[in-house]
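So you can see what is in the structure, the chains are spelled out below.
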Amino acid sequence: MAASTPATADSAALTAAGIGMTRNIGIMAHIDAGKTTTTERVLFYTGSSHYIGEVHDGAAHTDFDAEEQRRGITIYSVATTCFWKPGEPEAHTPESGAHRINLIDTPGHVDFTIEVERSLRVLDGAIAVFDAVAGVEAQSETVWRQAERYAVPRICFVNKLDRVGATLTRTVEMMGERLGAHPIVVMLPVGAESEFEAVVDLVTMELVTWPLADDEQDKGRSFERTLLSADHPIFAEAAAARESMLESLAEVDDELMEVFLSDAVDELRELSPQSIANIRAGLRRATLSLRGFPVLCGSALKNRGIQPLLDAVVHYLPSPLDMPPVEAVLTTGSKSGELVTRKPEPTEPLLALAFKVVQDSHRGPVVMFRVYSGVLRVKDQILNVARDKKERINKLLLVRANKTEEIEEIGPGNIAAAVGLRFTVTGDTLILSKDKQLVVLPGMQIPDPVIFRSVEAKSAGDQKDLDQALARIQLEDPSFTVYEDPDSGQMLMAGQGELHLEVIVNKLERDYRVKARVGRPQVAYRESIAGPAQVEFEYDREVGNKRAYAKLTLELEARERGSGNSVENALPATEEILKFPKDLLAAALEGIGDSLSRGPLLGYPVVDVRARLLAVTFIEGDSSVASFRAAATMGTNKAIEQAGARLLEPMMSVEVVGPEEFIGNVHTDLNTRRGRVLGLGPRGNAQVVQAHVPLAEMVGYATSLRSVTQGRASHSMQFAAYSEVPTDLQQQIITKVRGY
């Protein structure tokens, strides 16, 4: 992050009116849909930047990391603050009545899904960007589902309408088919493909044009709104589209439906200020209730469509006051475990969530956080509830992409960064240390790693630096883990894909100046069982001249794939069992869990198993916690063997887009990789192949795809599920991984 400049505290942001004029939003989409290009125009038109940085030039303000600039993709989510006032595009300050927009640009590549996950956790709304040529793509579905999980209201922006094959209609249809969404088209393009030049705002029936969109100085900053005249070639189409918009809105908004079914519907169709306000209010209700999603359109690269999109952010997306009070869990006292609510008010106790940690070479850890209630000031002492650590805020920063401003305080509903927090990591809850109620917010859903590589220092002298660098990267990225293989003693780093680990290796060399030897990518398998098994196991040993005894009976059975493990106490409620020591029971259940954490085939976790403890026998004086834990572990291992240990491999949902003449080659290539083709269909002037393919077979696929399609096809993939390895291949994989 760049050096900060001092700024005065924005006291207006602490009032209810100020909080109501705040929008915490993210931009999310499939890779290459135009998220960062859209963000660059937002920053330029809101006065937050003085030039437009293009992604293809490596000059985007929010892609300031060297790796992002080199690859031309967003890797890290970045927060920035800007101001916008509908109808007054030159109003760029709170004093002018502009709305504060805290904007996060997120990655579109599946390997960096965690960046989207933690951003959505703290956002109130989002802009979903779609490529008008490709429509709804694989990662579009992933981020949409993430937003659904966090109940984030969304508006949609169909981008790249200037491209050959671009179509608003087909993209909107795909939103309904693939996302199960109810899109409400509020904007119509004027001109198609290279002829795209303007849009019609269907709410106001205004033609929005950018006469200087291609001017090197103006770059679309100037735009004009004029009432669409009845003799305009697109008037009839726009009038019909406006009627469709009203019908579509009435389907998901009860108030508008009542109007639509009454005599007042003619007034709604008029272009009076009151009817326009009523339509906008209906669109806002539909958006906030997640029942409808307004759809806008344009071309960010051609500088058309961004100002109406900013208007829509203000009109339709929620402020912190529109969101339900956040719920936190009490951690102490007689009411521990109960839920308490916190409203976005400065008079409430401080409640904040850390959602990202960035290692700064000068400042140390910079923690980005969202304040849900209360006020945080510089020099305040806070308590990290999860880690029971007190820390002090040295500096508060308002982040503007790669620049920061120092502020004195931050209020509810806002996003900022703090310097001085050494123990805080992603997902931690922060409160003031003097607060009497200790509460925690729900954490984040961190995806399990699917691929790993061995890593070691090139020399013994570099080992300490490597350990420190990997520890810091883990603090920044919760989806990246480092652990030691208990068999080989090798250090392994695990992540979400080849690109994820490649970026981290480059980061080690570039940012931490640590050179490491890195092994080839390897798949993170899982293990399970083929069928049920019941085992009676007796542990009777002499340990240190003392007898150690335990006897138990347990049962294993396979569960539905993806349902996880279940360890149950199924002991009968007899008088003898009621006398059984609770610490021995706990040790037995822990032993079962320990055994499931490391399978017999390759040492991977055993998943989707139901384990039931059916019977226990103990001898007073000879039985101990250690003997029951050992008996349970060894008994479970024996039961897994009896049940038939099975190897599971990660299956990827793969989507390949390319010209029709190469689809046969793509199909053949996927078949040789043990792929199962699920579907084939057109998308614009290209064909799309959808398949499930084992991750082990997808290592290096990008190079192969370029070869079989002469570089004219692209692919994306995301984790689908773990699936059983075919019996004839299981032993081959075990031999290959073990090396014997």
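Residues numbered from 1 in each chain as written. Predicted model: local features only at pLDDT ≥ 70, side-chain atom pairs only at ≥ 80, totals over all residues. Heavy atoms only, no water.

### Comments concerning the overall build of the chain
Line of reasoning, step 1. In terms of regular secondary structure, the chain is built from 19 helices and 39 strands.
Line of reasoning, step 2. For a compact globule of 740 residues, the expected C-alpha radius of gyration is about 27 Å, and the chain comes in at 29 Å, within 12% of that figure.
Line of reasoning, step 3. Along the three orthogonal principal directions, the C-alpha set of the chain runs to about 100 × 65 × 65 Å.
Line of reasoning, step 4. By the burial criterion, 53% of the 740 residues in the chain qualify as buried.
Line of reasoning, step 5. Look at the contacts in the chain between residues 6 or more apart in sequence, and 73% of them connect residues 24 or more apart.
Line of reasoning, step 6. Of the roughly 31,600 Å² of accessible surface on the chain, 49% is carried by carbon and sulfur atoms.
Line of reasoning, step 7. A distance of 6 Å separates the average location of the 78 positive side-chain charges in the chain from that of its 103 negative side-chain charges. (Helix = DSSP H or I, 4+ residues; strand = E, 2+ residues; numbered from the N terminus. Rg over C-alpha atoms; globule rule 2.2 N^0.38 Å. Buried < 20%, exposed > 50% of the residue type's maximum accessible area, 1.4 Å probe, protein only. Contact = heavy atoms within 4.5 Å. Areas by Shrake-Rupley, 256 points an atom, 1.4 Å probe, with all protein chains shown as cover. Lys, Arg positive; Asp, Glu negative; His and termini not counted. Charge placed at Lys NZ, Arg CZ, Asp CG, Glu CD.)

### A short note on the pattern of salt bridges
Line of reasoning, step 1. Considering all chains together, one arrives at 41 salt bridges under this definition.
Line of reasoning, step 2. R285 serves as the salt-bridge partner of D253, at 2.9 Å between the closest nitrogen and oxygen. Remark: R285 occurs in helix α10 (residues 273–288) and D253 occurs in the loop between α7 (235–252) and α8 (254–260); sequence separation between them is 32 residues.
Line of reasoning, step 3. Residue classification places R285 among the partly exposed positions, given a relative accessible area of 28%. (Salt bridge = Lys/Arg side-chain N within 4 Å of Asp/Glu carboxyl O.)

### So, the sheet that holds strand β13 (residues 326–330)
Line of reasoning, step 1. One open sheet holds the three strands; their spatial order is β14-β13-β25, and the pairing between them is antiparallel. Every interior strand has two partners, whereas the edge strands, β14 (339–342) and β25 (439–440), have only one.
Line of reasoning, step 2. When β13 meets β25, the two strands line up antiparallel, connected through two bridges. In the sheet register, L330 faces β25, and the bridge partner there is V439. (Pairing = 2+ DSSP bridges.)

### Concerning helix α11 (residues 306–316)
Line of reasoning, step 1. Across the eleven residues of α11, ten count as buried, placing the element largely inside the fold.
Line of reasoning, step 2. Among the residues of α11, those classed as buried are I306, Q307, P308, L309, L310, D311, A312, V313, V314 and Y316.

### A few points about the confidence of the model for the chain
Line of reasoning, step 1. Residues of the chain with pLDDT of at least 70 account for 91%, and the chain-wide mean is 86.
Line of reasoning, step 2. Low pLDDT, under 50, characterises residues 5–9; the stretch is placed with ten contacts to residues that sit more than four places away or in other chains.
Line of reasoning, step 3. Confidence drops under pLDDT 50 across residues 55–77; counting only partners more than four residues distant or on other chains, this segment forms 80 contacts. (pLDDT = per-residue confidence, 0-100.)

### Regarding the pairing of strand β8 (residues 187–190)
Line of reasoning, step 1. Residues M187 and P189 line one face of β8 and the alternating positions L188 and V190 line the opposite face, and both faces are buried.
Line of reasoning, step 2. Summarising the sheet, β8 and strand β9 (residues 198–201) pair through four bridges and their orientation is antiparallel. Residue pairing for β9: L188 is matched across the bridge by V200.

### Focus on the packing of aromatic side chains
Line of reasoning, step 1. Under the criterion given, the structure shown has eight aromatic pairs.
Line of reasoning, step 2. Relative to F618, the ring of F580 lies with its centre 5.4 Å away and its plane at 75 degrees, an arrangement referred to as edge-to-face. Linking F580 in the loop between α14 (575–578) and α15 (582–596) with F618 in the loop between β35 (609–617) and α16 (625–643), this pair joins segments that are 38 residues apart in sequence.
Line of reasoning, step 3. Assessed through its relative accessible area of 26%, F618 is described here as partly exposed.
Line of reasoning, step 4. Pairing F580 with F628 gives two aromatic rings, centres 5.3 Å apart and planes at 70 degrees, and the pair type is edge-to-face. In this pair, F580 sits in the loop between α14 and α15 while F628 sits in helix α16, placing the two residues 48 residues apart along the sequence. Comparing F580 with F628, the two get one shared label, buried. (Phe/Tyr/Trp six-rings, centres within 6.5 Å; stacked < 30°, edge-to-face > 60°.)

### Observations concerning the environment of P189
Line of reasoning, step 1. Along the polypeptide, P189 turns up in strand β8.
Line of reasoning, step 2. Setting aside its immediate chain neighbours within four residues, P189 contacts L161, L168, F196, A198, V199, I234 and C297.

### Some remarks on the nonpolar core
Line of reasoning, step 1. Of all hydrophobic cores here, the largest spans 107 residues; its most connected members are I127 and V200.
Line of reasoning, step 2. If you count residues domain by domain, this core takes at least three from each of domain 1 (9–316) and domain 2 (326–440).
Line of reasoning, step 3. Among all residues touching V200, those that are not within four sequence positions of it are V186, M187, L188, V190, E206, L207, L228, I234 and A238.
Line of reasoning, step 4. If you look at the next biggest cluster of nonpolar residues, it comprises 80 residues, including L501, L596, A631 and A713. (Core = buried A, V, L, I, M, F, W, Y, C linked by side-chain atoms within 4.5 Å. Domains from an automatic or database assignment.)

### Digging into unusual backbone geometry
Line of reasoning, step 1. For A151, which is not a glycine, the phi torsion comes out positive at approximately 55 degrees.
Line of reasoning, step 2. Along the chain, A151 falls in the loop between α5 (138–149) and β6 (154–159).
Line of reasoning, step 3. In this structure, D388 takes a positive phi of about 50 degrees despite not being glycine.
Line of reasoning, step 4. In this fold, D388 is placed in the loop between β18 (381–384) and β19 (389–392).
Line of reasoning, step 5. Judged by its relative accessible area of 62%, D388 falls in the exposed class.

### Overview of the packing of α10 against α11
Line of reasoning, step 1. One can describe the packing of α10 onto α11 by two numbers: an axis separation of 9 Å at closest approach and a directional angle of 75 degrees. Between α10 and α11, the interaxial angle falls into the category roughly perpendicular. Residues R280, L283, R284, T287 and L288 of α10 touch α11, and the partners they reach there are V314, H315 and Y316.
Line of reasoning, step 2. Residue composition of the contact of α10 with α11, grouped by class: four nonpolar, two polar and two charged. (Axes fitted to C-alpha atoms, helices over the stretch in contact; angles between N-to-C directions. Parallel < 35°, antiparallel > 145°, perpendicular 65-115°, else oblique. Nonpolar A, V, L, I, M, F, W, Y, C, P; charged D, E, K, R; others polar.)

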